[in-house]
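Single-letter residue listing:
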Amino acid sequence: MVTDVLKPDLAEPGRVQEEAPPDHKPEPTGRATFRVWRGDATGGELVPYTTDVSEGMVVLDAIHQIQAEQANDLAVRWNCKAGKCGSCSAEVNGMPKLMCMTRLSDLDLTKPVTVEPMRAFPRMRDLVTDVSWNFEVKRTIAPFTPRPPDAPDGTWRMAQADVDRVQEFRKCIECFLCQDVCHVLRDHQLHDGFIGPRYLVYVAALEMHPLDVADRVPALKEKHGIGYCNITKCCTVVCPENITITDNAIIPLKERVIDEFFDPIGKLVKIFSRRK
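The present account deals with the structure reproduced in this document. (Residues numbered from 1 in each chain as written. Predicted model: local features only at pLDDT ≥ 70, side-chain atom pairs only at ≥ 80, totals over all residues. Heavy atoms only, no water.)

**Brief notes about the packing of aromatic side chains**
Applied cut-off: We call Phe, Tyr and Trp rings a pair once their centres come within 6.5 Å, taking the six-membered ring for Trp, and we label the pair stacked below 30 degrees between planes, edge-to-face above 60, and tilted otherwise. Per the convention used, a helix needs a DSSP run of H or I reaching at least four residues, while a strand needs a run of E reaching at least two, with both numbered from the N terminus. Each residue is assigned to one of three classes by its accessible area relative to the maximum for its type, calculated with a 1.4 Å probe on protein chains only: buried under 20%, partly exposed between the two thresholds, exposed over 50%. Two limits define a charge over a ring: the Lys NZ or Arg CZ must be within 6 Å of the ring centre, and within 35 degrees of the ring normal.
Counted according to the given criterion, the structure contains five aromatic pairs. Considering the side-chain rings of Phe 121 and Trp 133, the 6.4 Å spacing of their centres and the 40° angle between planes classify their relative orientation as tilted. Here Trp 133 lies in helix H2 (residues 132-139) and Phe 121 lies in the loop between strand S7 (113-116) and strand S8 (123-125), a separation of 12 residues in the sequence. Residue Trp 133 is classed as buried on the basis of its relative accessible area, which comes to 15%. On the basis of an interplanar angle of 75° and a centroid distance of 5.8 Å, the ring pair of Phe 135 and Phe 176 is categorised as edge-to-face. Pair noted here: Phe 135 is in helix H2 and Phe 176 is in the loop between helix H3 (160-167) and helix H4 (177-181), with a separation of 41 residues, a long-range link. Overall, the relative accessible area of 38% leaves Phe 135 in the partly exposed class. With relative accessibility at 4%, the residue Phe 176 sits in the buried group. Here the aromatic cluster, defined as three or more aromatic residues joined through ring pairs, consists of Phe 121, Trp 133, Phe 135 and Phe 176. Note that Lys 138 overlies the ring of Tyr 202, its terminal NZ or CZ placed 5.0 Å from the centroid. In this arrangement the basic side chain of Lys 221 is found over the ring face of Phe 261, its NZ or CZ atom lying 5.2 Å from the centre.

Set out below in structure tokens:
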């Protein structure tokens, strides 16, 4: 047994702390079957794998176990295994989820668990999809444009309430689960005309920033396609960071578009204000 003496300030005299060997594995509590999508851009199929499961496992653990013991060539994207990098996005039983945050104890293991790649993006291999379109979209959004400093020393003055309003949007880990679940992208494949909920959140973070002065409302109406969103709130449901995407980001942006382009009273005010 490997042992290690506790630090003097933490241990009682003569007491030792036991550590598990590096190759120690929890005792299996049962077996479960996972139907994992295998294939590439040309096509593929769901392949069943049965593996041991133990207490505390998440879907990503099971995928790694299958990869190690049965399918060494299984492609899966992951990084932190802590729900912060957004890399291991997939569809578990048809629902967009982070595999590292989906506990097996929350699933019915008496039935096969289906694990598939995200459907809103081109499939590359097995559970890996090409999400590069998202980064191309980000480049089309007007960047942060602050107003001139408020003080001679080059600093600004902001109300705390205005700062707090956009803080929620900064929690996004770009897992793209909201993009995957959005029917505009998932079912209708309108990637050329709609930037998706993730980047509507990004636009909201800029538009509502107390220092930003850029006007992104015309772009929202036209090339960003905010009109395609019919506020089903499915993006809010799947967000692992619990960002209130629809109510706090998309709806306020829609209101700005309506005020700018579809409010008849607002149009009259603009016409007469230009005549002055």
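Resuming the write-up.
**Re the layout of surface pockets**
Rule in force here: Cavities and pockets are found on a 1 Å grid laid over the protein atoms alone: a cavity is a set of points where a 1.4 Å probe fits but cannot escape, a pocket is an open set with protein on both sides within 12 Å along at least five of seven lines, and a lining residue has an atom within 4 Å of such a point. Grid points are joined across faces, edges and corners, and a volume is the space filled by probe spheres set on the points. Three classes are used: nonpolar for Ala, Val, Leu, Ile, Met, Phe, Trp, Tyr, Cys and Pro, charged for Asp, Glu, Lys and Arg, and polar for all others, with Gly counted as polar.
Taken as a whole, the largest pocket spans an internal volume of roughly 280 Å³. Every residue lining the largest pocket is counted, 20 residues in all, and those nearest its centre are Lys 97, Leu 98, Met 101, Val 238 and Pro 240. Elements supplying a minimum of two residues to the lining of the largest pocket: strand S6 (95-98) and helix H8 (234-238). In terms of residues, the lining of the largest pocket owes the most to one element, S6, which gives four residues. Considered as a void within the structure, the second largest pocket measures approximately 220 Å³ in volume. If you trace the second largest pocket, you find it lined by Lys 25, Pro 26, Pro 28, Asp 52, Val 53, Ser 54, Glu 55, Met 57, Asp 61, His 64 and Gln 65. Per-element tally for the lining of the second largest pocket: the top contributor is helix H1 (residues 59-69), with three residues. Class assignment for the residues of the lining of the second largest pocket results in four nonpolar, three polar and four charged.

**Considering the environment of His 191**
Under the convention used in this document: Contacts are assigned to residue pairs that have any heavy atoms within 4.5 Å of one another.
Relative to the elements of secondary structure, His 191 occurs in the loop between helix H5 (183-186) and helix H6 (196-207). Classification of His 191 by relative accessible area gives buried; the value is 15%. C-alpha separation for the pair His 191 and Trp 133, spaced 58 residues apart in sequence, amounts to 8.3 Å. Apart from residues no more than four positions distant in its own chain, His 191 is found in contact with Ala 120, Phe 121, Trp 133 and Leu 185.

**Points about unusual backbone geometry**
Its identity as a non-glycine residue notwithstanding, Ile 231 has a phi of 45°, on the positive side. Along the chain, the position of Ile 231 falls in the loop between helix H7 (217-221) and H8. Even without being a glycine, Asn 242 presents a positive backbone phi close to 55°. Considering the arrangement of structural elements, one finds Asn 242 in the loop between H8 and helix H9 (245-261). Relative accessible area serves as the criterion here: at 61%, Asn 242 is assigned to the exposed category.

**Points about the pattern of salt bridges**
How we decide: Each salt bridge in this description consists of a side-chain nitrogen of Lys or Arg and a carboxyl oxygen of Asp or Glu lying within 4 Å of one another.
Under the counting rule described, the total for this entry stands at 18 salt bridges. When the shortest N-O distance is used, the salt bridge between Lys 84 and Glu 241 registers 3.2 Å. A residue pair is termed long-range when its members are at least 10 positions apart, and Lys 84 in the loop between H1 and strand S5 (89-92) and Glu 241 in the loop between H8 and H9 qualify at 157 residues. A residue is classified by how much of its surface remains accessible, and Lys 84, at 55% relative accessible area, is exposed.

**Let's talk about H1**
Listed as buried for H1 are Val 59, Leu 60, Ala 62, Ile 63, His 64, Gln 65 and Ile 66. Packed against the buried residues of H1 are strand S3 (30-40), strand S4 (43-53), S5 and S7.

**Here's the deal with the pairing of S6**
Every other side chain in a regular strand lies on the same face of the sheet, so the side chains alternate between the two faces. We apply this condition: A pair of strands counts as paired when DSSP detects no fewer than two bridges linking them.
Burial along S6 is one-sided: Pro 96 and Leu 98 are buried, and none of Met 95 and Lys 97, which face the opposite way, are. As paired elements, S5 and S6 share four bridges and run antiparallel to each other. From the neighbouring strand, Glu 91 faces S6, where its bridge partner is Pro 96.

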